[in-house]
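Listed here are the chains, written in short residue letters.
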Amino acid sequence: YPNIWPPVEYLAVVGMLSYGMLDEAKRIMKKYLACQAKVFKKHGTFFEKINGVTGDITENYHYINQGGFGWTNAIFYRYVQLLNYMETHGDDSIYIFPMNDVPPYDLDVIV
């Protein structure tokens, strides 16, 4: 706290999508995109972590906050893909759920 790390947030979003919590997942994805776009516009790059309270880059907790960070870039792009897909194909079609005899960790993302 107060750092937000994209990979941890992404795991929560995927879990919400997997369990049908679509409105909550979309809300988090949209807030993340808006926040990261604001940071990018101000600083010209994405950062490894952002401050969840201020919506800007964090102080250097334990080590320097790195700019242009891969997982931040990838998750920003992934959220754009997911939201676009849900908008054009309907929210229900985002995941193909496995047969009952297959473990739930075998979910396949359509996009």
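Refer to the structure above for everything that follows.
Being a predicted model, the structure only gives us computed values, none of them experimental. (Residues numbered from 1 in each chain as written. Predicted model: local features only at pLDDT ≥ 70, side-chain atom pairs only at ≥ 80, totals over all residues. Heavy atoms only, no water.)

Colleague: Can you lay out the pattern of salt bridges for me, pointing to particular residues and giving the numbers?
Modeller: Scanning all chains against the criterion turns up 1 salt bridge. Asp56 is the partner of Lys42 in a salt bridge, and the nearest nitrogen-oxygen pair spans 2.6 Å. Note that Lys42 is positioned in helix H2 (residues 22-43) and Asp56 in the loop between strand S2 (50-51) and helix H3 (70-89), a separation of 14 residues in sequence. (Salt bridge = Lys/Arg side-chain N within 4 Å of Asp/Glu carboxyl O. Helix = DSSP H or I, 4+ residues; strand = E, 2+ residues; numbered from the N terminus.)

Colleague: Before we move on, can you summarise the packing of aromatic side chains with the specific residues and values?
Modeller: A complete count under the given rule lists 4 aromatic pairs for this structure. On the basis of an interplanar angle of 35° and a centroid distance of 6.1 Å, the ring pair of Tyr10 and Tyr79 is categorised as tilted. Pair noted here: Tyr10 is in helix H1 (residues 6-18) and Tyr79 is in helix H3, with a separation of 69 residues, a long-range link. Judged by relative accessible area, Tyr79 falls into the buried class, the value being 0%. Arranged with centres 5.1 Å apart and planes meeting at 85°, the rings of Tyr32 and Tyr79 form a pair that is edge-to-face. Placement of the pair is Tyr32 in helix H2 and Tyr79 in helix H3, with a sequence separation of 47 residues. Its relative accessible area of 3% is what places Tyr32 among the buried residues. (Phe/Tyr/Trp six-rings, centres within 6.5 Å; stacked < 30°, edge-to-face > 60°. Buried < 20%, exposed > 50% of the residue type's maximum accessible area, 1.4 Å probe, protein only.)

Colleague: Tell me about a nonpolar patch on the surface, and name the residues and values.
Modeller: On the surface, a nonpolar cluster with roughly 390 Å² of combined accessible area is contributed by Trp5, Val8, Tyr63 and Trp71. Note on placement: Val8 falls in helix H1. (Patch = residues over 30% accessible without salt bridge, like charges linked within 9 Å, V, L, I, M, F, W, Y side chains within 5 Å. Areas by Shrake-Rupley, 256 points an atom, 1.4 Å probe, with all protein chains shown as cover.)

Colleague: Which residues make up the environment of Ile94, and what values do they have?
Modeller: Among the structural elements, Ile94 can be located in the loop between H3 and strand S3 (95-96). A residue is classified by how much of its surface remains accessible, and Ile94, at 2% relative accessible area, is buried. Taking C-alpha positions, Ile94 is 8.9 Å from Ser18, a pair spaced 76 residues apart along the chain.

Colleague: Lay out H2 with the relevant residues and their values.
Modeller: With 22 residues, H2 extends 31 Å between its outermost C-alpha atoms, agreeing within 8% with the 32 Å of an ideal straight helix rising 1.5 Å per residue. Among all positions in H2, only Leu22, Ala25, Lys26, Ile28, Met29, Tyr32, Leu33, Cys35, Gln36 and Val39 are buried. Tucked inside the fold, the buried residues of H2 contact H1, S2 and H3. Residue Gly44 follows H2 closely and has a positive phi angle near 80°. (Expected span 1.5 Å × (residues − 1). Contact = heavy atoms within 4.5 Å.)

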